Amino acid sequence: MDVNIVKEKKLTNMRAFTSDQTVILRPARLMSLDQCIEFIAEDELVEVTPESIRLRKRELDAQARMARYREEKWG
């Protein structure tokens, strides 16, 4: 599932407080450069800056990523 963490949740059509389930988010895992390189998949990249090491998808657009996946899968 693709999620844009920058967009805020729309607060229309609110439900009762008791009907919502609690979601527990774990903090990001801190990894060294070697661990990141071992962890990545074929469609991901490791971005290295002086302040951080980040994992990201090679193709940022989710629709283009799905189109490429289908093309590779079906030929």
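The structure this text deals with has already been given above.
This text gives an overview of the structure that appears in the document. Each chain carries its own residue numbering, running from 1 in the direction its sequence is written. Restriction of local features to residues with pLDDT of at least 70 applies here, the model being predicted, together with a cutoff of 80 or more for giving and counting side-chain atom pairs; totals for whole chains, interfaces and linings are based on all residues. To get the side-chain values, take all heavy atoms of the structure and skip hydrogens and water.

### Points about the overall build of the protein
Stated precisely, the cut-off is as follows: For the purposes of this entry, the term helix denotes a DSSP run of H or I that reaches at least four residues, the term strand denotes a run of E that reaches at least two, and both are numbered from the N terminus. Here's how the labels work: a residue is buried when its accessible area is under 20% of the maximum for its type, exposed when over 50%, partly exposed in between, all with a 1.4 Å probe on protein chains only. We call two residues contacting when some pair of their heavy atoms lies within 4.5 Å. Computed with a 1.4 Å probe, the accessible areas rest on the Shrake-Rupley method; for each residue, only the protein chains presented here act as cover.
Check the secondary structure of the protein and you find two helices and two strands. Residues classed as buried in the protein amount to 3% of the 75 residues present. Taking as baseline every contact in the protein between residues at least 6 positions apart, the subset at least 24 positions apart corresponds to 8%. Of the roughly 8,100 Å² of accessible surface on the protein, a fraction of 54% belongs to carbon and sulfur atoms.

### Quick notes on a nonpolar patch on the surface
Just so we agree on the cut-off: Patch rule: a residue counts if its relative accessible area is over 30% and it has no salt bridge; like charges are joined within 9 Å, and nonpolar side chains (Val, Leu, Ile, Met, Phe, Trp, Tyr) within 5 Å. A pairing counts as a salt bridge when a side-chain nitrogen of Lys or Arg comes within 4 Å of a carboxyl oxygen of Asp or Glu.
On the surface, Leu 33, Ile 37, Val 48 and Ile 53 cluster together into a nonpolar patch covering about 320 Å² of accessible area. Structurally, Leu 33 is set in helix 1 (residues 33-39). Owing to a relative accessible area of 35%, Leu 33 belongs among the partly exposed residues under this scheme.

### Details of the environment of Arg 54
Spelled out, the test is: Any pair of nitrogen or oxygen atoms within 3.5 Å is treated as a polar contact; in protein, a donor-acceptor pairing is required on top of that, and neighbouring residues in sequence qualify only through side-chain atoms on both sides.
Mapped onto the secondary structure, Arg 54 falls in strand 2 (residues 53-57). For Arg 54, a relative accessible area of 41% translates into the label partly exposed. Between the C-alpha atoms of Arg 54 and Met 31, which are 23 residues apart in sequence, the distance is 9.3 Å. If we ignore the near neighbours within four places in the chain, the residues touching Arg 54 are Leu 45, Val 46, Glu 47 and Thr 49. At 3.2 Å, the side chain of Arg 54 forms a polar contact with the side chain of Ser 52.

### A closer look at helix 2 (residues 62-74)
Here is the rule: What a helix should span is 1.5 Å times the count of its residues minus one.
If you check helix 2, its first and last C-alpha atoms are 18 Å apart, about what 13 residues at 1.5 Å a residue would give, namely 18 Å. Taken from the residues just after helix 2, Gly 75 is the one with a positive phi, measuring 85°.

### A closer look at the pairing of strand 1 (residues 44-48)
On a regular strand, one side chain projects to one face of the sheet and the next to the other, so that they alternate. Applied cut-off: Should DSSP find at least two bridges between two strands, the strands are regarded as paired.
Here strand 1 pairs with strand 2 via five bridges, running antiparallel. Looking at strand 2, one finds that Leu 45 is bridged to Arg 56. From the end of strand 1 to the start of strand 2, which pair antiparallel, there are four residues.

### Describing the environment of Val 46
Structurally, the position occupied by Val 46 is in strand 1. Residue contacts for Val 46: discarding those within four places in its chain leaves Leu 33, Cys 36, Ile 37, Ile 40, Ile 53, Arg 54 and Leu 55.

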